[in-house]
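Analysis of the macromolecular model
What follows is the residue order along each chain.
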Amino acid sequence: MITLDPLGKLQAVRRSAVSRDWDEIKQWSDSVYMPYLVRPTGRALTPAASMYSAKIADITLTRFAYGVPVAIGEFAPESGNVLVLTTIRGGTRHSVANGRSEDVTSGGTFVVDCSRVDYLFEADPEHLQLNLTIPHQLLADLALRWWGSVPDDRLWRHKCVIGGKGSTWLALMEYVVRTLAEAPDRVADGRVGVNLQEMIAAQLLTDWTARAGTELGPPSALHAPGYVRRAVRYIDENARDLPTASEIALASGVSVRALSGAFRRYLDTTPRDYLREQRLQGVRRELLARRSSTVAEAAGAWGYVNLGMFAAAYRRRFGENPAQTVRRAQL
């Protein structure tokens, strides 16, 4: 199990808070996870929540407890996030399917893609969680780069327990926490964080597919051809410069029509939508890392000229205005 004292060792992470106010807790949790509904499983219960969060590149790590028994559900699918919830202390019960549930105690981890399935879980009053919020697209992109294919809904719709005491996953979480406690800035905004992010995503995909009864890149899978991978890499490296569909197709070696069809088939998106996602994610990283002095500067760095249209797109994608992201980064 995780041997670190989660309270002591995570004191160094950014954006820490303690609260007994339900509204304040909701505002915090909606911003670091996604909008959802929570209710205490008892009458007139006052929370005693401890809330800590830190960034690992594009992944958000939190150490979180409500301090009272709760039931949580109705996670916002439009946020596009996968939740990976490791129980450090106490117990949690997670809905699976057809009325079934999984009980998780200390050292256990539950994974669910909230962009693909409904989700409900309950936590006892002693619960303490070490959670990861991971963009679905991040996992899909890494699967494509590493294994040459994007898993289908047999994986994304599968809710399950992974890891456990003595597991590679739990050992990785302990390593992540130790690294984060020692160098939070380098983990949030640096090569260390990018490397950790890839380790986390790769191990998660490996463990998750094993539990789902699927494989990463088996012969029967829908493999993305090399020209799709070249296009993805070209967009990732040149998103700031707003490459056109023709430029992306030229870099990948096929026609615009062929590339668009392949993106829909293998990635369930289009080159244009994939580029839009990378630009919005890029601005968000700028704002969270406080690299730019203003929202306009951050947006301009990623090719946005019309700030009104940018703000509307940002709000649709992340559920908050760019200025709200800036305020959270300053906490």
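Residues numbered from 1 in each chain as written. Predicted model: local features only at pLDDT ≥ 70, side-chain atom pairs only at ≥ 80, totals over all residues. Heavy atoms only, no water.

**A look at the pattern of salt bridges**
- All told, the structure shown has ten salt bridges when counted by the stated rule.
- Across the salt bridge formed by Asp-153 and Arg-116, the nearest N and O atoms sit 3.6 Å from each other. Linking Asp-153 in helix 4 (residues 153–156) with Arg-116 in the loop between strand 9 (108–113) and strand 10 (120–123), this pair joins segments that are 37 residues apart in sequence.
- Note that Arg-276 is salt-bridged to Asp-273, the shortest N-O span being 2.4 Å. Pair noted here: Arg-276 and Asp-273 are both in helix 11 (residues 271–289), with a separation of three residues, about one helical turn. (Salt bridge = Lys/Arg side-chain N within 4 Å of Asp/Glu carboxyl O. Helix = DSSP H or I, 4+ residues; strand = E, 2+ residues; numbered from the N terminus.)

**Some words on the environment of Ala-17**
- By the secondary structure assignment, Ala-17 is in strand 1 (residues 16–19).
- Since its relative accessible area comes to 23%, Ala-17 is described here as partly exposed.
- Residues Ala-17 and Met-309 lie 292 residues apart in sequence; the distance between their C-alpha atoms is 34 Å.
- Setting aside residues up to four positions removed in sequence, Ala-17 forms contacts with Ala-49, Ser-50 and Met-51. (Buried < 20%, exposed > 50% of the residue type's maximum accessible area, 1.4 Å probe, protein only. Contact = heavy atoms within 4.5 Å.)

**Here's the deal with the confidence of the model for the protein**
- The predicted model of the protein averages 87 in pLDDT, with 92% of residues at 70 or higher.
- Note on residues 1–15: pLDDT is under 50 here. Beyond four places in sequence and across chains, it has 47 contacts. (pLDDT = per-residue confidence, 0-100.)

**Some points on the pairing of strand 3 (residues 49–56)**
- Most of strand 3 is tucked away, with seven of its eight residues classed as buried.
- Direction of pairing for strand 3 relative to strand 4 (residues 59–65): antiparallel, over a ladder of seven bridges. Residue pairing for strand 4: Lys-55 is matched across the bridge by Thr-60.
- Remark: two residues form the turn of the hairpin made by strand 3 and strand 4, two consecutive strands paired antiparallel; Ala-57 in that turn has positive phi of roughly 55°. (Pairing = 2+ DSSP bridges.)

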